[in-house]
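# Analysis of the macromolecular model
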Amino acid sequence: MKLKFSLLIILFLASLPTLKAQQIQKTRTGTFALTNATIETITNGTVAQGTLVIANGKIAALGTNVTIPDSAEVIDCTGLTLYPGMIDAGTRIGLSEVGSVEETTDYNEVGDVNPQVEALTAVNPNSVLIPVTRVSGVTTALTLPTGGLFPGKAALLNLHGYTPRQMYAGFVGVVLNWPSAAKRGYGDKRSPEAIKKEYEKEKERLNSVWEKALTYAKIDSAYARDAENQPEYYPEMMALSPVVSGKAPLLLEVNMASEILDALTWIKEKNLKKVVLTGVMEGWRVADKIKAAGVSVITGPVLQTPTRDYDRYDKPYANAGLLAQAGIPVAIRTLETENARNLPYHAGFAAAYGMGKEEALKAITIVSAQILGVADALGSLETGKQATLFAATGDPFETSTDIRYVFINGWLIPMDSRQIRLYDEFLEREPGLSNE
Amino acid sequence: MIKILIFPLLFLWVQTAKAQPETGSMLIKNGTLITITNGVQAQTDLLIENGKIVRIGKGITVPKGIETIDATGLYVMPGIIDAHSHIGLSAINEATSPVTSEVFTGDALDPLDVSIYRALAGGVTISHALHGSANAIGGQSETIKHRWGVIEPDALKMEVAPRTIKFALGENPTRVYGRGYGMVPNTRMGVEAVFRNAFAEAVAYKKNWAAYDAQIKDKKQRKTAVPPAYSLRLQTLVDIMDGKILVHCHSYRADEILMLLGVLRDYGVKKVVFQHVNEGFKVAPELAEFGAMASVFADWWAYKFEVYYSTAYNAAILIRNNVVTSINSDSGELIRHLYHEAAKTQKYGDLTDEEALSLITINPAKQLGIDQYVGSLEEGKDGDIAIFKNHPLSVYAIPRKTIVDGVVRFDIEKDPDDVRLYVDPEEKFDQPVMRVSEEKCMQGADLMEFLQAEK
C-alpha cells in the first residue's frame, strides 16, 4: 500500500514538468508580503532587510517594522532589491506590432492636424511585445502617435490589462511635433535656404491652427452658458481647446538647438504652463535657456548617434546628465517599440556618461511620474502608491542582473513571454538532428 | 572657386600618403588583461612592437624609445571586431541584378566617414564592410581596420583578410526584385532558384575554362583553341566553390537557412556565416552539423515580419549548440557599444564573461578568417587593443583608448571637439541632420520606393 502510494507520488512528480509546460500562466492579485528585501524607495532612501506589503493593488506598508497580514502570500526576497516599476516616457508600445507591416501599425493617421485621435483607442492589450517588455521591469510606458503637426493624444499605459481602459495609467497629452529646421537624413538635398523657408511656413501653419483653436475656445465658453445651442462638431478644435487655454498638457517634440530656442519663445508668447519638451537631442547646447524657461524635459533615445558630424561622439550619452546638471527636471525615454525593454540601459549609459546612477534611476521613475502628473500613484515605493514594482538580483542597469518578480498595479506578472518560451523550447530542441 | 583650390590640394595629400599601413610600438603596463583565449591576467604588461604583440607578462621593462601607457585599474582587451557593418562605405547596394558577384565594396571605401571614429570610441578596431542585402548574390566585401586619420581608401583594408561575399535571403531580395521589378525572385522558392541557376552556370563556366586550359596544353589543339568569354561574375562563383571566398549570408527564417545549406552542400561550398539569422536558434543543430557560423543581433526583432518570431536568447542557444557565434551591429549606432550588446547575452542566457566577450572578438575573427591575426591577446597577433575603465561587460564601461596596429586611434583624453577629416566647404555650419533609423542593409536598394515617392 505504502509502496503504491509512493509510486503514485513519483508518477505525479514525473508528470509535473509536462503539466507546467501546458499550464497557461495567468496574472494574479491578492495580498503579498515581500520580505527580507532591500527596498530602493527612490524618494525616501534605501531600506535594508525590509518588508513591503501589497494589498488591494497598493503598497499597504513598507519598512523594517511591518506586520505581515495573515492573509498575505509571503515571497522571500532575500538577496533581492525592490524598485518602483520603470517608466518609459516615450514609446509606440501597443500601436505597432511588426514595424514594416503597415497593417499592424496604428500610430500615424492621415493629415497633419489630428489632435483628437487617441492612442489609447488603438492600443492592442494583447500585443506580443508587452510581456517581452514588462518582464524586464519596464512596467509603464507612454505610447505616442507620430507624424504631422498634431499627430494625436499620447497615453500612459501600465503594461498589464485586457482592455486599454484597464491599462490606462492616468495621463493623456496632445502631441505637437515642432516644425523641423533640420535635414531629413543625408539623402535630403534641400538647400539651407529652402529648409529655412519651409520651416518658417510650417511655423506659420502652426500659429494659424493655434489662433483658430483660441477662437474656438472663446466661442465654446460662450456656448457653455447656453445649453440649447452648441457649436458645430469640430473635433480637432475641441481637442486643442483645453490645450490652448492651458488646462491640458502639451507634449512638444523638438530636437535641434535653434528649434528649441524658437519653441521656448513660442511657449512664452502663448503663456503655456502645462508643456513638456520631448526629444531635445540638442538640449545640451541650450540647457541654460531651457532652465530659464522653467519647462521639464523627456529626452531620448540615449543610445543614438550625434546630430552633427562635428559633435563629440558621446554627446547623446551625456545629454540627459548635462540637462539635469543645469537644474532641469529630466526623464529618459527609449522611443522604442519592441525594445523598450532596453530602458534601463539607456538610463545606464546616461549614468555612466555624467548623470550618475541615482539621477538616472530617478529619470525613469519618479521624475517621469512627476512630469506626467502621476507621481501620486507611480514612480517610487511609498505607502499608498500603486503596487507597480519589481524585484531584481542587483543594479537594474546591469545586464548581468536578473528580474525575479514584477508587480503591476498589484498584479503579480508571470515571468513569461514568447521570447522566453522560444528559449525553453529550442535550447535543447527535440528531436535534435534527424537523418530523414 | 574654393572647390577648384581644394581638389588639387587633396590630390597632393593623397599622393603623399604612405603605402604601408602605419604601425606603432608601446608598452601597456599593469592592466587587467582579458586575453579571451588564455583567461584574465591581473596586473600584467603587454608589449607591442611594430604593430604586433611581442610579449605578455609581468614586469616587462620598457625598451628604449617606446611609449608606456599606464593601465593600472583598467581593463585591456583585444580590439572589438564587427562581422557585419556598413560604415566607411560610400555605396552599399548594387541593386541592379539578383546576382552581382562582380562588384566589390572595397571599391567604395570612405575613410572620411566619421562613423569610423565613433566605432573606435566604442573599442571597435575591425569591421566587415559588407555589401547590402538587396541581391541574392551580392557583392564581395572588404574587411577594414579602423585606421582613422588615413585618407587613402585602400589604407583601410586589412590586406591579409580572405575574400568574402554577401548573399541574401528572404524579404529583401523578394521585395526589391519581385515586388520592385516584377522579376525573380518574388518568393523564397525563387531565391533558391536564383542560387541554383547561378551555380549551375558557374559549373558550366568552370568546365569550359578547364576544357580550354586542356586544349592549350595540347600541341595539336593549341592553335585552334578559343578561350571562353571571361566573366568576373561567374569566376567569383567558381572561386566560392573552390573555397577561396567566405560566404556571409543575410538570413532570418529557419526554412531559408536550411535551403541555403542544401544549395551549398550540392555545390561543395563549406564555409558559410549566416548573418542576422534571427531564427538560427531553431536550426542550431543543423548549423552546427554543417559547420556554419552565425552572426546575430543581441536583441533586434519585430521591425519586419521575418523577425517577429525571434528571441533575444538566440546567441545563447546557438552557443550552447556549439555554433561559432558573434554579435554584430549592422548600424553606425550599435557599433559604438558592441561590448554592451555582447553583455546582453548574460541577461538572455547567462553566458560567462569569456563566452560573452568571445562574441565580439575571437568568434567574429573566425568568421572573417582572420583569427590567426586578431581576436585575442596573444604574442604574435596584431596590436589591436581596447582599454576600458570598468569591466567591458558593465553598463558603466567607458572605452579609454583604442589601438590599431600599435597606433592609438582613439584616446578619450585627446578627443577633439570636431574630429572630421574633411569639411564640405558648401555645408552650412549650423545645419543639423535629423537621424532616420533605417536598415542599412537596404541603403541604395529602394529604387522603386524612391520612384514612387517622386511621383
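Residues numbered from 1 in each chain as written. Chains lettered and ligands numbered in written order. Predicted model: local features only at pLDDT ≥ 70, side-chain atom pairs only at ≥ 80, totals over all residues.

### Re the overall build of chain B
For clarity, the threshold we go by: By definition, any uninterrupted DSSP run of H or I lasting at least four residues is a helix, any uninterrupted run of E lasting at least two residues is a strand, and each is numbered from the N terminus. Based on C-alpha atoms, the radius of gyration is set beside the globule rule, defined as 2.2 Å times the residue count to the power 0.38. Here a residue counts as buried when 20 or more other C-beta atoms fall within 10 Å of its C-beta, as exposed when 12 or fewer do, and as partly exposed in between; the C-beta atoms come from the backbone. Contact between two residues is assigned when their C-beta atoms, built from the backbone, lie within 7 Å.
Across its full length, chain B carries 13 helices and 16 strands. Computed over the C-alpha atoms, the radius of gyration of chain B is 23 Å, within 12% of the 23 Å expected from 2.2 N^0.38 for a compact globule of 455 residues. Overall, the C-alpha framework of chain B stretches about 70 × 60 × 60 Å when taken along its three principal axes. Every one of the 455 residues in chain B was classed for burial, and the buried ones make up 53%. For chain B, the proportion of contacts with a sequence separation of at least 24, taken over those separated by at least 6, is 71%.

### So, the overall build of chain A
Across its full length, chain A carries 13 helices and 16 strands. Compactness check: chain A gives a C-alpha radius of gyration of 25 Å against a globular reference of 22 Å for 436 residues, within 12% of the reference. The dimensions of chain A, computed from C-alpha atoms along their principal axes, are 90 × 60 × 45 Å. Across the 436 residues that make up chain A, the buried fraction comes to 48%.

### Some thoughts on the interface of chain A and chain B
So the rule is basically this: Side-chain classes are defined by residue name, with Ala, Val, Leu, Ile, Met, Phe, Trp, Tyr, Cys and Pro counting as nonpolar, Asp, Glu, Lys and Arg as charged, and the others, Gly among them, as polar.
Taken residue by residue, the interface counts 41 residues in chain A and 45 residues in chain B. In terms of residue class, the side of chain A that touches chain B is made up of 19 nonpolar, 13 polar and nine charged.

### Notes on the confidence of the model for chain B
Residue and element names in this part refer to chain B. Worth spelling out the cut-off: For every residue, the predictor assigns a confidence score, pLDDT, that lies between 0 and 100.
In the predicted model, chain B carries a mean pLDDT of 92, and 90% of its residues have values of at least 70. Counting interchain partners and residues more than four positions distant, the pLDDT-below-50 stretch residues 7–12 has zero contacts. The low-confidence segment residues 447–455, where pLDDT is below 50, has three contacts with residues more than four positions distant or belonging to other chains. Interface confidence for the predicted complex, given as ipTM, is 0.93, next to a pTM of 0.94.

### What to know about the sheet that holds strand β12 (residues 296–299) of chain A
All names here are of chain A. What counts here: Between any two strands, at least two bridges found by DSSP are needed for them to pair. Axes here mean lines fitted to C-alpha atoms, for a helix over just the part in contact, with angles spanning 0 to 180 degrees between N-to-C directions.
The eight strands are arranged β6-β7-β8-β9-β10-β11-β12-β13 in an open sheet whose pairing can be described as mixed. Of all strands in the sheet, those bounded by a partner on one side alone are β6 (86–91) and β13 (330–332). Going across the sheet, the axis of each strand differs from the next one's by a mean of 25°, ignoring polarity. In terms of strand pairing, strand β10 (residues 250–254) meets strand β11 (residues 275–279) through five bridges, oriented parallel. Counted as the bridge partner of Leu 251 is Val 276 from β11.

### Overview of the packing of helix α4 (residues 188–217) of chain B against helix α7 (residues 254–266) of chain B
Residue and element names in this part refer to chain B. The line we're drawing: Throughout, the term roughly parallel applies to angles under 35 degrees, roughly antiparallel to angles over 145, roughly perpendicular to angles from 65 to 115, and oblique to all others. Here is the rule for handedness: rotate from the far helix to the near one, and if that takes an anticlockwise turn smaller than a right angle the crossing is left-handed, while a clockwise turn gives right-handed.
At a minimum axis separation of 11 Å, α4 and α7 run at an interaxial angle of 15°. If you check the angle between α4 and α7, you find them roughly parallel. Two packed elements cross with a definite hand, and for α4 against α7 that hand is right-handed. Facing Arg 188, Val 191, Glu 192, Phe 195, Arg 196 and Phe 199 of α4, the residues of α7 in contact are Asp 255, Glu 256, Met 259 and Val 263.

### Structural notes on the environment of Pro 69 of chain A
Residues and elements named next belong to chain A. Its place among the elements puts Pro 69 in the loop between β3 (58–63) and β4 (73–76). The class of Pro 69 is partly exposed, set by 13 C-beta atoms lying within 10 Å. For the pair formed by Pro 69 and Asn 36, sequence separation is 33 residues and the distance between their alpha carbons is 16 Å.

### Brief notes about helix α3 (residues 171–181) of chain B
Residues and elements named next belong to chain B. The buried fraction of α3 amounts to eight of the 11 residues, a majority that puts the element mostly inside the structure. Residues of α3 that are buried include every one of Glu 171, Asn 172, Pro 173, Thr 174, Arg 175, Val 176, Tyr 177 and Gly 180, and no others. Among the residues trailing α3, Gly 182 stands out with phi positive, at a value near 65°.

### Overview of the environment of Ala 222 of chain A
Examined against the element boundaries, Ala 222 of chain A turns out to sit in helix α5 (residues 192–223). Along the sequence, Ala 222 of chain A and Val 110 of chain A sit 112 residues apart, while their C-alpha atoms lie 32 Å from each other.

### Examining the packing of helix α9 (residues 315–325) of chain A against helix α10 (residues 343–355) of chain A
All names here are of chain A. It is at 7 Å that the axes of α9 and α10 come closest, and there the two elements cross at 60°. By the criterion of interaxial angle, the relationship of α9 to α10 is oblique. Crossing of α9 against α10: the hand is right-handed. Within the contact between the two elements, α9 uses Tyr 317, Ala 318, Ala 320, Gly 321, Leu 322 and Ala 324 and α10 uses Phe 349, Ala 350, Tyr 353, Gly 354 and Met 355. Across the contact of α9 with α10, the residue classes tally to nine nonpolar, two polar and no charged.

### Thoughts on the sheet that holds strand β13 (residues 325–327) of chain B
All names here are of chain B. Ordered in space as β6-β7-β8-β9-β10-β11-β12-β13, the eight strands form an open sheet in which the pairing is mixed. Across the chains shown, the open sheet's two edge strands, defined by having one partner strand only, are β6 (80–85) and β13. Here the strands of the sheet are splayed against their neighbours by 25° on average, with no regard to which way each runs. Summarising the sheet, strand β7 (residues 124–129) and strand β8 (residues 137–145) pair through four bridges and their orientation is antiparallel. Across the sheet, residue Ser 127 finds its bridge partner in β8, namely Ile 144.

### Examining the pairing of strand β1 (residues 26–34) of chain B
Residues and elements named next belong to chain B. Among the nine residues in β1, seven count as buried, and that is most of the element. Bridge count between β1 and strand β4 (residues 67–70): four bridges; the pairing is parallel. If you follow Lys 29 over to β4, its bridge partner there is Asp 70. Inspection of the sheet shows β1 paired to strand β5 (residues 75–78) by two bridges, in the parallel sense. By the bridge assignment for β5, Leu 33 is matched with Val 76.

### Section: helix α13 (residues 418–426) of chain A
Operational definition: The arc in question is the one traced by the directions running from the helix axis out to the C-beta atoms.
Of the residues making up α13 of chain A, those classed as buried are Gln 419, Leu 422 and Phe 426 of chain A. In a view along the axis of α13 of chain A, the buried residues occupy a sector of 60°, so they form one face of it. Lining the buried residues of α13 of chain A we find α3 (129–134) of chain A together with α9 (314–320) of chain B.

### Some thoughts on the pairing of β12 of chain A
The side chains of a regular strand alternate, first on one face of the sheet and then on the other. Residues and elements named next belong to chain A. The criterion, for reference: Handedness rule for crossovers: strands pointing away from the viewer, path from the first strand over the helix to the second running clockwise, crossover right-handed.
Relative to β12, β11 runs parallel, the two sharing four bridges. Paired with Leu 277 across the bridge in β12 is Val 297. Taken together, β11, helix α8 (residues 287–293) and β12 form a β-α-β motif whose crossover is right-handed. This β-α-β element, β12 to α9 to β13, shows right-handed connectivity.

### What about unusual backbone geometry?
Across the junction of Gly 300 of chain A and Pro 301 of chain A, the peptide omega takes the value 5°, indicating a cis bond. Cis peptide bonds are those with omega within 30 degrees of zero, and the linkage from Glu 430 of chain A to Pro 431 of chain A qualifies with -5°. Here Pro 431 of chain A shows up in the segment after α13. Positive phi, normally seen in glycine, also occurs at Asn 56 of chain A, with a value near 55°. Backbone geometry at Asn 50 of chain B places phi at a positive 50°, although glycine is not the residue there. Among the secondary structure elements, Asn 50 of chain B is positioned in the loop between β2 (40–49) and β3 (52–57). By C-beta crowding, Asn 50 of chain B is classed as exposed, having 11 other C-beta atoms within 10 Å.

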